Amino acid sequence: MLLGAMGVSRDITQMKRDDEALRASEERYRDLFENATDLIQSVDAGGRFEYVNTAWRQALGYNERELANLSFLEIVHSSHRAACAEIFDRVLRGEEQGPFSTVFVTKDGRTLTVEGTTNLRRIAGHAAATRSIFRDITGVVVARQQIQEHEAKLRALFESSEHMFWTAGR
């Protein structure tokens, strides 16, 4: 024999809407980062990769498993490691860091000249990780070097010539 029943109910419609809105927002941001053409990385305070986007993995040739065993300094060319370590330390101390360039080494040994920015992510007021966005400028650097070499050859030709040259302007 049932003498009585008691129950509590709560309308969770708004909570479900909020969860769906949060999920949609997360998908939009994930799509944005994963489809960006710039190299995006997050490095924890110990120097290990927390996140890299698809463009980063494609440019440098590492997969997720390999990244788990790499520190960020291992992908920096040896001639740039000290400078990058100093930038990393300054950012972790909360100092501002303007744009800079460096050289990454790909898994297969090629070099990529990149320029970008990095800043600090804090959790509960403490340095948690750096966030960096880099653009591959290797082609620009190569083109500049070729122009400089070409100008040097023209200058040498000009200076060794017995002919007289001049320019006139308006």
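Rules of the game
- Residues numbered from 1 in each chain as written.
- Predicted model: local features only at pLDDT ≥ 70, side-chain atom pairs only at ≥ 80, totals over all residues.
- Heavy atoms only, no water.
- Salt bridge = Lys/Arg side-chain N within 4 Å of Asp/Glu carboxyl O.
- Buried < 20%, exposed > 50% of the residue type's maximum accessible area, 1.4 Å probe, protein only.
- 1 Å grid on protein atoms, 1.4 Å probe; cavity = no way out; pocket = protein on both sides within 12 Å on 5 of 7 lines; lining within 4 Å.
- Points joined across faces, edges and corners; volume = space filled by probe spheres on them.
- Helix = DSSP H or I, 4+ residues; strand = E, 2+ residues; numbered from the N terminus.
- Core = buried A, V, L, I, M, F, W, Y, C linked by side-chain atoms within 4.5 Å.
- Contact = heavy atoms within 4.5 Å.
- Pairing = 2+ DSSP bridges.
- Axes fitted to C-alpha atoms, helices over the stretch in contact; angles between N-to-C directions.
- Phe/Tyr/Trp six-rings, centres within 6.5 Å; stacked < 30°, edge-to-face > 60°.
- Expected span 1.5 Å × (residues − 1).
- Arc of directions from axis to C-beta.

J.: Quick question: what am I supposed to make of the pattern of salt bridges here?
T.: Charged atoms that come close allow side chains of opposite charge to pair. Summed over all chains, the structure comprises 9 salt bridges. Ionic pairing is found between R93 and E86, a salt bridge with its closest N-O pair at 3.7 Å. Taking the shortest distance from any N to any O, the salt bridge between E95 and R93 comes out at 3.2 Å. Taking the relative accessible area as the measure of exposure, E95 reaches 38% and is therefore partly exposed. Salt bridges here are not isolated pairs; linked through shared partners, they connect E86, R90, R93 and E95.

J.: Would you mind going over the layout of surface pockets with me for this structure?
T.: A water-sized probe, rolled over the atoms, reveals where empty space remains. The volume enclosed by the largest pocket comes to roughly 250 Å³. Broken down by secondary-structure element, the contributors of at least two residues to the lining of the largest pocket are β1 (39-44), β2 (49-52), β4 (111-123) and β5 (126-136).

J.: Where do I start with the nonpolar core in this structure?
T.: Considering soluble globular proteins, one finds that nonpolar side chains tend to be buried as a cluster. Counting residues in hydrophobic clusters, the biggest one holds 24 residues, and the most contacted among them are F49, W56 and F104. Counting only elements with at least two residues in this core, the list comes to β1, β2, α2 (54-60), α4 (81-92), β3 (100-105) and β4. Among the elements that make up this core, the one with the highest residue count is α4 (5 residues). Excluding residues that lie within four positions of it along the chain, F49 makes contacts with Q41, S42, V43, W56, L67, L70, S71, F72 and I75.

J.: Quick question: what am I supposed to make of the side chain of Q97 here?
T.: Along the chain, the position of Q97 falls in the loop between α4 and β3. The buried category is assigned to Q97, whose relative accessible area is 17%. Those residues in contact with Q97 that lie beyond four places of it in its chain are I87, R90, V91 and T118.

J.: It is not clear to me how the sheet that holds β3 should be interpreted in this structure. Could you clarify?
T.: Hydrogen bonds between backbone atoms are what pair the strands of a sheet, whose relative direction is either parallel or antiparallel. In spatial order, the strands read β2-β1-β5-β4-β3; together these 5 strands make up an open sheet with antiparallel pairing. The sheet is open, and its two borders are formed by β2 and β3, each paired with just one other strand. Direction aside, neighbouring strands of the sheet carry axes that sit 35 degrees apart on average. Looking at chain direction, β3 and β4 are connected through 6 bridges and run antiparallel. Counterpart to T102 in the pairing with β4 is V114. Packed onto the sheet, α4 meets β1, β3, β4 and β5 and runs at close to 20 degrees relative to β4.

J.: Is there a simple way to think about the packing of aromatic side chains in this case?
T.: In this description, an aromatic ring pair is defined by two values, namely the gap between the centres and the angle between the planes. Within the structure shown, the criterion is met by 5 aromatic pairs. A ring pair is formed by F104 and F134, whose centres lie 5.2 Å apart and whose planes are at 80 degrees; its orientation type is edge-to-face. Here the residue F104 occupies a position in strand β3, and F134 occupies one in strand β5, the gap between them amounting to 30 residues. Note on F134: relative accessible area 4%, which makes it buried. Each member of the aromatic cluster is reached from another via a ring pair, and the members are F49, W56 and Y62.

J.: Would you explain α4 in this entry?
T.: A turn of α-helix holds 3.6 residues, and therefore any two residues three or four places apart point the same way. Over its 12 residues, α4 extends 16 Å from the first C-alpha to the last, a length consistent with the 16 Å expected when each residue adds 1.5 Å. Listed in full, the buried residues belonging to α4 are C84, I87, F88, V91 and L92. Around the axis of α4, the buried residues are gathered within 130 degrees of arc, so they sit on the same side. Close packing links the buried residues of α4 with β1, β3, β4 and β5. Once α4 ends, the next one or two residues include G94, with phi positive near 90 degrees.

Purely geometric stuff here, so don't read any function into it on its own.
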